[in-house]
Amino acid sequence: MEKGKLKAYIVTSQWNENGDLITWAESSGKAKASVINSWEFHGNDYTDLRAKRIKDFDKYADSKKVPIEELLKRGWWFYCGGFCGTEITQDNIDAKEAFVTRRREDINDFVDGDVYCDRCKAKLEECGKW
Ligand SMILES: [Zn+2]
């Protein structure tokens, strides 16, 4: 393996309700070690974590950011960036009930982009912030 070339892993835990994490590391052990102190895995033991290779995301090793569109396509959902509590999936995007934006940066550690429901988007548009 090329030195310094990191592999993408998705780290999950059977106890975790805060969502999975994607991280880039040289091995699954290092991937788990790199997220064990994150708030998402608060209260989990190292042995609770599972790191699964996700080769499609190796190409994002440099930026360590996966475009939110790719995650939505894979069935991930995200809370609306307007903090209204709406859960947004690809279906909502397809139905034009929600929208992808890059208006905020570095909100999520490994996600490039954000999603807003139509109501929060409309509010932002009213005050010229969309
Ligand atoms: Zn919203």
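Given the structure is predicted, the values throughout are model-derived calculations rather than measurements.

**Remarks on unusual backbone geometry**
So, point 1. Unlike most non-glycine residues, Lys64 shows phi in positive territory, near 55°.
So, point 2. Here Lys64 shows up in the loop between β3 (49-53) and β4 (66-67).
So, point 3. One non-glycine residue, Lys96, adopts positive backbone phi at about 60°.
So, point 4. As for its placement among the helices and strands, Lys96 is situated in the loop between α3 (90-94) and β7 (98-101).

**Considerations on the domain arrangement of the chain**
So, point 1. Domain annotation for the chain reports domain 1 (7-60) and domain 2 (66-126).
So, point 2. The gap between the C-alpha centroids of domain 1 and domain 2 is 22 Å.

**Let's talk about the nonpolar core**
So, point 1. Membership of the largest hydrophobic core comes to 23 residues, with the highest contact counts inside it found for Val11, Ile88 and Val115.
So, point 2. Domain assignment of the residues forming this core places at least three in each of domain 1 (7-60) and domain 2 (66-126).
So, point 3. In this structure, Ile88 is in contact with Trp77, Phe78, Cys80, Ala98, Val115 and Cys117, ignoring residues within four places of it in sequence.

Conventions and cut-offs
- Residues numbered from 1 in each chain as written.
- Predicted model: local features only at pLDDT ≥ 70, side-chain atom pairs only at ≥ 80, totals over all residues.
- Helix = DSSP H or I, 4+ residues; strand = E, 2+ residues; numbered from the N terminus.
- Domains from an automatic or database assignment.
- Core = buried A, V, L, I, M, F, W, Y, C linked by C-beta atoms within 7 Å.
- Buried ≥ 20, exposed ≤ 12 C-beta atoms within 10 Å, placed from the backbone.
- Contact = placed C-beta atoms within 7 Å.

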